Amino acid sequence: MYTTRTLQDEILRLKKEQDICILAHAYQSQDIWEVADYIGDSYGLSLEAAKAGQQTILLCGVRFMAETVKILSPQKKVLLSHPMAGCPMAEQITASQLRDLKKQYPGYTTAAYINTTSELKTVCDVCVTSSSALQIIRNLENPDILFIPDCNLGAWIAAQIPEKNIQLVQGGCPAHAGISAEEAVQARRLHPAAKLLVHPECLPEVSRMADYAGSTTGIMDYAKNSTAKEFIIGTENSIVQHLQFACPDKQFYALSKDCVCSNMKLTTLMDVYHCVCGTGGEEIILPEDTMQKARHCIDTMLSLG
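Asker: What is the right way to read the overall build of the chain from this model?
Answerer: Within the chain one finds 15 helices and 13 strands. Relative to the 2.2 N^0.38 estimate, which gives 19 Å for 305 residues, the radius of gyration of the chain is 19 Å and therefore close to what a compact globule would have. Principal-axis analysis of the C-alpha atoms gives the chain an extent of 60 × 55 × 30 Å. Counting over 305 residues, the chain shows a buried share of 57%. Across the chain, every contact between residues at least 6 apart in sequence was considered, and the portion connecting residues at least 24 apart equals 60%. Computed over 26 positive and 34 negative side-chain charges, the separation of the two mean positions in the chain equals 3 Å.

See the structure below:
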């Protein structure tokens, strides 16, 4: 029988023995963070994977993230920690539906949030992340933008770049979109000295109340660097725990008890163990044509960022 500590020690031994690089998204649990080589958002992890010397990459996150890793490192073996870990937002629109939508907006540049499938990226012009979106959209020459799939992130971008004509589609992250303005008001009332930090995947009325709105890594950096001592965290609730570990002298409160990504929570430390043993996870295999076409919108993001 393993304890958390002994299982972690075995994972650390095996990943070195098997020459495996472990990437953990920020929404993974603390016990998984502690065995990872790199922690961060989906795109940042993909860049770390490309730079890593290991030829096997274990992505502890969801499917579109593992696909992005494979697109940027096609020569490497990429494993997804749990085969059922998907993303509702990434799967809200198909490539066929997007082709039909683009016919309604001829001449528009199609910008896709990185939280999309590899297939959907093949019919988009540029990708953005929550941390790079403002810069990328500003740098596009075309003033007419079709933004998919998160209408809340898109609205947050549009409010700050009014010179662009940004058309949105109805979609987004169910966990973040489920946070209500009433919850934000109540949290402010309960914790009047706390800074409110939210992800722009939240509803616009929630983001407008925030002291800071930005990516998950941006939220964590803000809390770590701030002189404030109390924070209300408006993103996936695992971030509350991670910040408690990182900043034990500060207080962190979840904006909503229901902001939980069930797909991220599928991966357990034992799943990671089975992956490094070679008996778990799923290898990500993508058609060569899909990888090349999907890579185009990622490369465009790099050139504009």
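Asker: Is there a simple way to think about the pattern of salt bridges in this case?
Answerer: It is possible for side chains bearing opposite charge to pair when their charged atoms get close. All chains considered together, the criterion is met by 13 salt bridges. For the salt bridge of R13 with E17, the shortest nitrogen-to-oxygen distance reads 2.9 Å. Note that R13 and E17 are positioned in helix α1 (residues 4–17) at a spacing of 4 residues, about one turn of the helix. Given a relative accessible area of 42%, R13 falls into the partly exposed group. R188 is the partner of D211 in a salt bridge, and the nearest nitrogen-oxygen pair spans 3.0 Å. Taken as a pair, D211 in the loop between α11 (204–207) and β10 (212–213) and R188 in helix α10 (residues 181–190) lie far apart in primary sequence, 23 residues in all. Exposure remark for R188: the relative accessible area of 27% places this residue in the partly exposed category.

Asker: It is not clear to me how unusual backbone geometry should be interpreted in this structure. Could you clarify?
Answerer: Excluding glycine, residues mostly have negative phi values, and the peptide bonds linking residues are mostly trans. The omega torsion across I148 and P149 is -15 degrees, close enough to zero to call that bond cis. In this fold, P149 is placed in the loop between β7 (144–148) and α8 (151–160). A positive phi is found at D19, a non-glycine position, where the angle reads about 60 degrees.

Asker: I would appreciate a short explanation of the packing of aromatic side chains in the present structure.
Answerer: In this description, an aromatic ring pair is defined by two values, namely the gap between the centres and the angle between the planes. Using the criterion set out here, one finds 4 aromatic pairs in the structure. Each ring, one from Y105 and one from Y108, has its centre 5.2 Å from the other, and the planes form 65 degrees; the classification is edge-to-face.

Asker: So what exactly am I meant to see when it comes to the sheet that holds strand β3 (residues 56–60) here?
Answerer: Sheet architecture is open: 5 strands sit in the order β2-β1-β3-β4-β13, paired in mixed fashion. The open sheet terminates on both sides in strands that have one partner only, identified here as β2 (38–40) and β13 (282–283). In terms of strand pairing, β3 meets strand β4 (residues 77–80) through 4 bridges, oriented parallel. The residue bridging L59 from the neighbouring strand is L80, located in β4.

Asker: How should the sheet that holds strand β6 (residues 126–128) be read in this particular structure?
Answerer: The strands making up a sheet associate through backbone hydrogen bonding, with each pair oriented either parallel or antiparallel. The strand order β6-β5-β7-β8 describes an open sheet built from 4 strands, whose pairing is parallel. Each edge of the open sheet is held by one strand with a lone partner, namely β6 and β8 (165–168). Looking at each pair of strands side by side, their axes are set apart by 30 degrees on average, direction ignored. Pairing geometry for β7 and β8, over 4 bridges, is parallel. In the sheet register, L146 faces β8, and the bridge partner there is Q167. Sheet strands touched by helix α5 (residues 95–104): β5 (109–113) and β7. Its angle to β7, the strand with the most contacts, is close to 155 degrees.

Asker: In this structure, what is going on with the pairing of β4? I would like to understand it.
Answerer: Regular strands place their side chains on alternate faces of the sheet. Taken together, β3, helix α4 (residues 63–72) and β4 constitute a β-α-β crossover, and its handedness is right-handed. Both β4 and β13 contribute to a ladder of 2 bridges, which runs antiparallel. What sits directly across from L80, in β13, is E282.

Asker: Honestly, α10 in this entry has me stumped. Any pointers?
Answerer: Along an α-helix, residues three or four apart share an orientation, since each turn contains 3.6 residues. Buried within α10 are the following residues: A181, A184 and A187. End-on view of α10: buried residues confined to an arc of 120 degrees, all on one side of the axis. Facing away from the buried side of α10 by over 90 degrees, the exposed positions are E182, R189 and L190. If you follow the buried residues of α10, they end up packed against β9 (195–198), α11 and β11 (230–234).

Asker: So what exactly am I meant to see when it comes to the nonpolar core here?
Answerer: The nonpolar side chains of a soluble globular protein tend to be buried with one another. Counting residues in each nonpolar core, the largest one holds 97 residues, and the members touching the most others are I11, I22, L58, I137, I157, I233 and L255. In contact with I157, other than residues within four places in its own chain, are A133, L134, I137, F147 and I166. The next biggest cluster of nonpolar side chains, apart from the first, holds 12 residues, and it includes L98, L101, C124 and L146.

Asker: Quick question: what am I supposed to make of the environment of A95 here?
Answerer: When you line up the elements, A95 lands in helix α5. Residue A95 is classed as buried on the basis of its relative accessible area of 1%. Taking C-alpha positions, A95 is 6.4 Å from E119, a pair spaced 24 residues apart along the chain. Apart from residues lying up to four places away in sequence, A95 is in contact with E119, L120 and V123.

Rules used in this analysis
In every chain, residue numbers begin from 1 and rise along the written sequence. Only residues with pLDDT of at least 70 are given local features in this predicted model, and only at 80 or more are side-chain atom pairs given and counted; all residues enter the totals for whole chains, interfaces and linings. Side-chain metrics in this entry use all non-hydrogen atoms of the structure; hydrogen atoms and water are not considered. Strands are runs of DSSP state E lasting at least 2 residues, helices are runs of H or I lasting at least 4, and numbering of each runs from the N terminus. All radius of gyration figures rest on C-alpha atoms, and the globule criterion is 2.2 Å times the number of residues raised to 0.38. Remark: exposure states derive from per-residue accessible area (1.4 Å probe, protein chains only) relative to the maximum for the residue type, with buried under 20%, exposed over 50%, and partly exposed in between. In this description, contact between two residues means that some pair of their heavy atoms is separated by no more than 4.5 Å. Charge convention: Lys and Arg are scored as positive, Asp and Glu as negative, and His as well as the terminal groups of each chain are ignored. Charged side chains are reduced to one point each, which is NZ for Lys, CZ for Arg, CG for Asp and CD for Glu. One side-chain nitrogen of Lys or Arg within 4 Å of one carboxyl oxygen of Asp or Glu is enough to make a salt bridge. The rule is short: rings of Phe, Tyr and Trp, with Trp giving its six-membered ring, pair when the centres are within 6.5 Å, and they are stacked under 30 degrees, edge-to-face over 60, tilted in between. In this analysis, strands are considered paired if DSSP registers two or more bridges between them. Each axis is a line fitted through C-alpha atoms, taken for helices only over the stretch in contact, and angles between the N-to-C directions span 0 to 180 degrees. Seen with the strands pointing away from the viewer, any crossover whose path from the first strand over the helix to the second strand runs clockwise is right-handed. The reported arc concerns the directions from the helix axis to the C-beta atoms and nothing else. The set of buried Ala, Val, Leu, Ile, Met, Phe, Trp, Tyr and Cys residues whose side-chain atoms join them within 4.5 Å is what this entry labels a nonpolar core.

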